[in-house]
Amino acid sequence: VINTIAKLAKTCTLRLTDSKLYFILADKAANGGVSMWCELCQGNFCDEFQMEGVAAEHNEIYLELVPENLSRALKTAQSAKAVKIKLTNKHCPCLRVAVELVSATMLLSIVTHDIPVGVIPRRLWSDFREPSVPDFDVSIYLPVLKTMKSVVERMKNLSNSIVIEANLSGEMNLKIQTDLVSVTTHFKDLGNPPWASEDGCQNSGQGRDPESMAEARIDIKKLQQLLAGQQVNPTKALCNIVSKRIVHFILLHEDVSLQYFIPALA
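This is a predicted model, so every value here is computed, not measured. Residue positions are counted from 1 within each chain, in the order its sequence is given. Residues qualify for local features only when their pLDDT is at least 70, as the model is predicted, and side-chain atom pairs are given and counted only at 80 or more; totals for whole chains, interfaces and linings, by contrast, use all residues. Excluding hydrogens and water, the side-chain values take into account all heavy atoms of the structure.

Draft legend 1. Representation of the sheet that holds strand β1 (residues 12-16) within the structure. Following DSSP output, two strands are said to pair if at least two bridges run between them. A run of DSSP states H or I qualifies as a helix once it reaches four residues; a run of E qualifies as a strand once it reaches two. Both are numbered from the N-terminal end. The nine strands are arranged β8-β4-β1-β2-β3-β16-β15-β14-β9 in an open sheet whose pairing can be described as antiparallel. Pairing within the sheet leaves two strands with one partner each, and these edge strands are β8 (118-119) and β9 (138-141). By the bridge criterion, two bridges tie strand β4 (residues 61-65) to β8 in an arrangement that is antiparallel. Considered in β8, the bridge of Glu64 is made with Gly118.

Here is the structure:
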């Protein structure tokens with residue numbers, strides 16, 4: 001999970017609650033409007049978990065960190081007996097990653113990494129709320145991500161942008177259009193998720209012509225980053241398209257959900 005996030009964001013926010021961990025990217029101005037929301041249940045990853053927020057009614061902690069630093073620290077933990085992660089404050093706030101390693105001769109050693117973090121004050125917490133699912137025109141399941149990744153990597157050499165279009169008949173196209181070349185890859189029979197709103201009615205896609213395409217042109221590097229960062233094939237992967245405005249990706253694993261928003265180019 002951390003390796004994936006490190007490929008998507010140079011810095012991100014880690015939100016800790018008593019039941020979940022969240023990795024959030026909401027720095028819209030600096031990242032061309034791209035935002036991310038990744039949610040993990042701590043019970044699926046931690047044998048022991050203790051935390052104390054700023055107050056009983058605000059039992060949360062928000063930290064700013066460089067995910068690449070955490071990724072590097074955890075690489076040493078792949079064959080570890082145990083890993084402890086602790087928030088400390090010696091010279092500055094740090095996440096201390098203590099990795100217990102057992103050698104071939106059964107000697108125990110502990111390797112520690114101190115990762116500098118910034119503590120985000122409570123007055124700014126409202127900047128890091130879960131983004132709402134946009135009122136989309138079309139929602140569609142994605143093809144096998146490895147296949148999609150190889151297509152996008154080839155197209156990346158031809159253009160800086162890519163058009164994603166899809167309809168309610170399970171069809172999706174990836175298109176490159178420049179003065180010199182026009183390339184389209186077609187996917188069929190992908191299926192459309194059965195979204196329903198809180199009152200039980202279908203979303204805005206209801207009443208739409210099933211063959212009518214909704215499309216958005218996005219930065220191809222942002223899409224390639226998302227596909228290249230996937231370390232594990234998700235159990236479900238889908239995207240919602242708001243015509244000419246935004247593409248919203250949802251990747252679901254057994255223990256993790258990742259949402260990624262790429263704005264349409266003008």
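That shown, we press on.
Draft legend 2. Representation of the layout of surface pockets in the model. Put simply, the largest pocket is a space of about 1400 Å³. Think of a 1 Å grid over the protein atoms and nothing else: a 1.4 Å probe that fits but is trapped marks a cavity, an open set flanked by protein within 12 Å on at least five of seven lines marks a pocket, and residues with an atom within 4 Å of a point count as lining. Taken together, 32 residues line the largest pocket, and the ones lying closest to its centre are Phe45, Cys46, Val83, Lys84 and Ile85. Elements with a minimum of two residues in the lining of the largest pocket: α1 (2-8), β1, β2 (20-25), α2 (67-75) and β5 (82-89). At six residues, the largest contribution of residues to the lining of the largest pocket is made by β5. Here the term charged refers only to Asp, Glu, Lys and Arg, the term nonpolar to Ala, Val, Leu, Ile, Met, Phe, Trp, Tyr, Cys and Pro, and the term polar to all other amino acids, Gly among them. Considered class by class, the residues forming the lining of the largest pocket number 21 nonpolar, four polar and seven charged. Grid points are joined across faces, edges and corners, and a volume is the space filled by probe spheres set on the points.

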